[in-house]
Structure formats: C-alpha cells, structure tokens
Amino acid sequence: MNTKKLSEIFNKFEHDTQFVSCKELNSGHINDTFLITTNTSKKFVLQRINHLVFKDVPGLVNNKVLISKHLQKKQPHLTKNELDKHVLCFVKTKNTNNYYHQLENNFWNLMIFIDDSVTHTIVKDKEIAFEAGKLLGTFLNQTSDFDSSKLTIVIPNFNNMSFRFQQYNDALQNATEKRLQNAKMYIDKIALLKDEMHILQQLKENGKIPIRVTHNDTKVSNALFTKNNKGICMIDTDTVMPGIVHYDFGDAIRTICNTASEDEKDLTKVSFNTTYYQAYKEVFFKEIQNTLTDLEIKYLPLAVKTMIFIMALRFLTDYLNNDVYYKTNYLEHNLDRAKNQFKLLEDFSEKISIF
Ligand code: GN1
Ligand code: MG
C-alpha cells in the first residue's frame, strides 16, 4: 500500500491534522496496521481489517466503539485529552461512520495512537506480568456490567473446541502427505488430549459458567505499557465478543508465561515461568474477584492448558491447510508456532497442577 493512498484514506476521517508519514506496524497475524505521523504531536493508527477473516466488519467496529465508550465512562475524572492517552479512542469518518469502506471490500478504521507507549512480545520482568494481570483484570471488571448480548459475534465459534477440532479434521483429510508426515507427532498428542480439552466448553454449554464480555486476544503484545513498565490499557479489541473468563485468562498466561515468543523456533528457549504466573494470577484476582464464581476460579488453571492447546491446534490446522489463515514468513512457520505451543503445554503440565 503506497503512502499517497494511505494519506487519502487517512483524510477520509475527521481529524484536524495533516498527514506527514506512515510506517507499517507488523503487530498482528491478520490485519494490516499503519502508524500515521501528522504535522501535530498527535499520531494515529490506521488499520485495514481483513474482511476474509472478519465477515461483518461494521459489526466488529461497532463492538470496538461500544466497548471503548463504556471504558471511557469508567474514568469520568479524565478530560478528553487524558482519555486519549489511557483508553483506545476511535475516530469517525467525515460522514460520521466508524469505518471507511474503500473499494473491493477494504474496510479501514482509525484510532488515536497512545504516545510514549510500548508493547512486549516476551515478558522479561515480573512487573510486566503483574501490570498485565492488572490490565486484563481491570478490563474484564469494567466490562462486567456491559450486556454482552449487544455485541456482534464477529467470528462465530471462535474459541469453540469442537469447531476447532472439526476444522482440524477437515485439514487432516486435505493435507499433503509431506505436511502430514511433519505434523505426525503432534497429531498423536492432539488425540490424547481431546476429551480434557472439551471440559470448559461443556461447562459453558451446560450453563455452569456465566457468559460475559471477553477480549479474546489477550496475548501480551495486546497490552500497552509505559516505558516505566506501568500498564496503560488493553489494545486490539477486534475480537471483543461474548465469552467466558477462561478464554481471556488462559490466552494471556499463554504468552505472559512463555519464556520465548510465540514465533521462537529454538524450543529449548520455550518454558513456562511460574513466577510470572503467580504474579499475574494474584493481581488478576484482586481486580476481578467480585465478579467470579467459585466454579470459574476452580477452572482457571485448566483454562491455561486449554488456550495453549487451542492455539497449537489452530496453528497446526493452518499448517495442514497450506497456511491460508495466519500471515507466515517462511514455509514451516505455522508448524514451528504449533511446536512452540506444544512445548509450552508440556512444561505447563509438568509444573502446574490443574485441580
Ligand atoms: C491472531 O492477528 P492477531 O495477531 O491480532 C488471532 C488470535 C491468535 C493470535 C496469535 C482473529 O491475532 O486468535 O491468538 O493471532 N486472531 C484471529 O498470535 O484469529
Ligand atoms: Mg487480534
């Protein structure tokens, strides 16, 4: 995407600045994200939403805006300027839409960039684990009074284990002999874990676990920090949907406690950090305990195992499908990501008892 085009798209939005430059942020596996610098101190994040993954982009953007407004209301003491620095704030288009619909199914949305902030793909400091737990706890606590049925289901069955198994089984049918061979060891592991990995879904379907607003992509790189390691807010609310607390807790721990990044190929670097786990858990509970039932609490450790597993399964499925979903940089990228998650799962299981 060339600079001129991006500047034209940026100018479809209502802002009182002039485009100066842009830089692609290689932050996600799905959407395209650009940092826009302007003639003022204000910067913006312009994002093209992948409509092949997200079929209902207007619904998705509406979710993000609703949740952002709800979170803003929780901080009535902040001025508009201060809010821009503490909560994700979206910018409308000149004709007051929350997104700009370009030709050929290209949908764009614009956010105010929170300056002087950093993200992490690996946690190297206990304070970051602690602050991340506080951020997610606060996010879930502050959205616990939002009626989740008002949210669009942006990706149906997103964390539904049976659905992910169905996709995996279809992939097994269609995969090439070579890819099947490379995945063989993991295919056996998946079969062994199948029943245990459906427990949370059964509890959810039997109404034993309450449905609430969930973020659904709580990996540590979706938390924003100051340069002094203080949490600012959760970002990337594309997948905010009704869900169970276990999705968010498990997915966060999956990355916070991995001593390597999700893309690390050297498996000797991948292990589960129990110190970060304790730090995260403690503050997370403190923020949200009033809204959790005993049963929800009991199943939080299983949530970690389940979410590591579901990511391993999804990466392996995409590998078997010849990499049609996640952005990849080399041939075996998805297989390496799956291996990384299986190693983490193994180490987690050795260190943490789930009941
Ligand atoms: C995807 O695109 P990104 O990086 O925000 C994925 C998440 C995975 C994550 C793994 C819509 O998120 O579910 O946890 O990759 N999002 C979607 O890094 O599938
Ligand atoms: Mg995401």
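Structure shown above.
Within each chain, residue numbers correspond to sequence positions counted from 1 in written order. Written order determines the labels here, with chains lettered from A and ligands numbered from 1. Since the coordinates come from a predicted model, pLDDT governs what is reported: local features require at least 70, and pairs of side-chain atoms require 80 or more to be given and counted, while whole-chain, interface and lining totals use all residues. For the side-chain quantities, the full set of heavy atoms in the structure was used; hydrogens and water were omitted.

1. Topic: the overall build of the protein
Per the secondary structure count, the protein includes twelve helices and eleven strands. The principal-axis extent of the C-alpha atoms belonging to the protein is close to 55 × 50 × 40 Å. For every residue, the accessible area (1.4 Å probe, protein chains only) is compared with the maximum for its type, and the residue is labelled buried under 20%, exposed over 50%, or partly exposed between those bounds. Relative to its 355 residues, the protein shows a buried fraction of 53%. Note on contacts: a residue pair qualifies if any of its non-hydrogen atoms lie within 4.5 Å across the two residues. A separation threshold of at least 6 residues defines the contact pool for the protein, and within that pool the share at least 24 residues apart is 72%. Under the convention used here, a 1.4 Å probe and the Shrake-Rupley method define accessible areas, while residue burial counts only the protein chains that appear. A total of about 16,300 Å² of accessible surface is found on the protein, and carbon and sulfur atoms cover 49% of it. Neither His nor the chain ends is counted toward charge; the positive residues are Lys and Arg and the negative residues Asp and Glu. By convention, the charge on Lys lies at NZ, on Arg at CZ, on Asp at CG and on Glu at CD. Taken together, the 45 basic and 42 acidic charged side chains of the protein have centroids lying 2 Å from each other. A run of H or I in DSSP counts as a helix once it spans at least four residues, and a run of E counts as a strand once it spans at least two, with each numbered from the N terminus.

2. Topic: the coordination of the magnesium ion (ligand 2)
Each protein donor to the magnesium ion (ligand 2) is listed here as Asp217 (OD) and Asp236 (OD); together their distances run 2.0 to 2.1 Å. Of this pair, Asp217 sits in the loop between strand E8 (212–214) and strand E9 (223–226) while Asp236 is found in the loop between strand E10 (231–234) and strand E11 (241–243), placing the two residues 19 residues apart along the sequence. Take Asp236: its relative accessible area is 23%, and that puts it in the partly exposed class. In this description, a donor is an N, O or S atom within 2.8 Å of the metal centre, a cutoff extended to 3.2 Å for sodium, potassium and calcium. Water is not part of the atom list, which can make sites seem incomplete.

3. Some remarks on the site of ligand 1
Not every one of the 16 residues close to ligand 1 is listed here, only the nearest: Asp217, Lys219, Glu262, Arg314 and Tyr325. Pairs of N or O atoms within 3.5 Å make up the polar contacts considered here, provided that, within protein, one atom can donate a hydrogen while the other can accept it, and that residues adjacent in sequence are counted only when both atoms are side-chain atoms. Between an oxygen atom of ligand 1 and a side-chain N or O atom of Asp217, the distance comes to 2.8 Å. Here Tyr325 contributes a side-chain N or O atom positioned 2.5 Å from an oxygen atom of ligand 1. Taken together, the residues of the shell around ligand 1 break down into seven nonpolar, three polar and six charged. We call a residue near a molecule or strand as soon as one heavy atom of that residue lies within 4 Å of the molecule or strand. The residue classification treats Ala, Val, Leu, Ile, Met, Phe, Trp, Tyr, Cys and Pro as nonpolar and Asp, Glu, Lys and Arg as charged. All others, Gly included, are polar.

4. Focus: the packing of aromatic side chains
A pair of Phe, Tyr and Trp rings is counted when the ring centres sit within 6.5 Å of each other, with Trp represented by its six-membered ring. The angle between the planes then sorts it: under 30 degrees is stacked, over 60 is edge-to-face, the rest tilted. Counted under the stated rule, the structure contains 17 aromatic pairs. Between the aromatic rings of Tyr277 and Phe348, the centroid separation amounts to 6.4 Å while the plane-to-plane angle is 90°, which identifies the pairing as edge-to-face. In this pair, Tyr277 sits in helix H9 (residues 274–288) while Phe348 sits in helix H12 (residues 333–351), placing the two residues 71 residues apart along the sequence. One exposure class covers both Tyr277 and Phe348, and it is buried. Measuring from ring centre to ring centre gives 5.4 Å for Tyr299 and Phe355, while their planes differ by 85°; the resulting arrangement is edge-to-face. In this pair, Tyr299 sits in the loop between helix H10 (294–298) and helix H11 (300–320) while Phe355 sits in the segment after H12, placing the two residues 56 residues apart along the sequence. Residue Phe355 is classed as exposed on the basis of its relative accessible area, which comes to 58%. Put simply, the rings of Phe249, Phe272, Tyr277, Tyr280, Phe284 and Phe348 pair up and form one aromatic cluster. Definition used: whenever NZ (Lys) or CZ (Arg) falls within 6 Å of the ring centre and also within 35 degrees of the ring normal, the charge is taken to sit over that ring. The ring of Phe165 carries the charged tip of Lys194 above its face, separated from the ring centre by 5.4 Å. Its guanidinium or amino end placed over the ring of Tyr330, Lys265 lies 4.7 Å from that ring's centre, counting from NZ or CZ.

5. Describing the packing of H11 against H12
An axis is simply a line fitted to the C-alpha atoms; with a helix, the fit covers only the stretch in contact. Between two such axes, the angle follows the N-to-C directions and lies from 0 to 180 degrees. One can describe the packing of H11 onto H12 by two numbers: an axis separation of 8 Å at closest approach and a directional angle of 160°. Taken as axis vectors, H11 and H12 run roughly antiparallel relative to one another. Where H11 crosses over H12, the two elements pack in a sense that is left-handed. Residues Pro301, Val304, Lys305, Ile308, Phe309, Met311, Ala312, Phe315, Leu316, Asp318 and Tyr319 of H11 pack against Asn334, Leu335, Arg337, Ala338, Gln341, Phe342, Leu344, Leu345, Phe348 and Ser349 of H12. Split into classes, the residues belonging to the contact of H11 with H12 amount to 15 nonpolar, three polar and three charged. Any angle that falls under 35 degrees is termed roughly parallel, while one over 145 is termed roughly antiparallel, one within 65 to 115 roughly perpendicular, and all others oblique. Crossing handedness is read from the near helix: turned anticlockwise from the far helix by less than a right angle, it gives a left-handed crossing, and turned clockwise, a right-handed one.

6. Overview of the pattern of salt bridges
Here a salt bridge means any side-chain nitrogen of Lys or Arg lying within 4 Å of a carboxyl oxygen belonging to Asp or Glu. Applying the stated criterion across every chain, the model contains 18 salt bridges. As a salt-bridge pair, Lys230 and Glu127 come within 2.6 Å of each other at their nearest N and O atoms. Here Lys230, found in the loop between E9 and E10, pairs with Glu127, found in helix H4 (residues 126–142); they are 103 residues apart in sequence, far enough to count as distant. For the salt bridge of Arg337 with Asp263, the shortest nitrogen-to-oxygen distance reads 2.9 Å. Of this pair, Arg337 sits in helix H12 while Asp263 is found in the loop between helix H8 (245–256) and H9, placing the two residues 74 residues apart along the sequence. Here the residues in one salt-bridge network are Asp32, Arg48 and Lys327, joined through shared partners.

7. Comments concerning the layout of surface pockets
Of the voids in this model, the second largest pocket is the one considered here, and its volume is about 670 Å³. Those elements that provide at least two residues to the lining of the second largest pocket are helix H2 (57–73), helix H3 (80–86), H4 and E10. In terms of residue count, H4 provides more of the lining of the second largest pocket than any other element does, six residues in total. Its residues assigned to classes, the lining of the second largest pocket comprises twelve nonpolar, ten polar and ten charged. Note on definitions: the grid is 1 Å and covers protein atoms alone; a cavity is a set of points where a 1.4 Å probe fits but cannot get out; a pocket is an open set with protein on both sides within 12 Å along at least five of seven lines; lining residues have an atom within 4 Å of a point. Grid points are joined across faces, edges and corners, and a volume is the space filled by probe spheres set on the points.

Geometric values such as these leave the question of function open.
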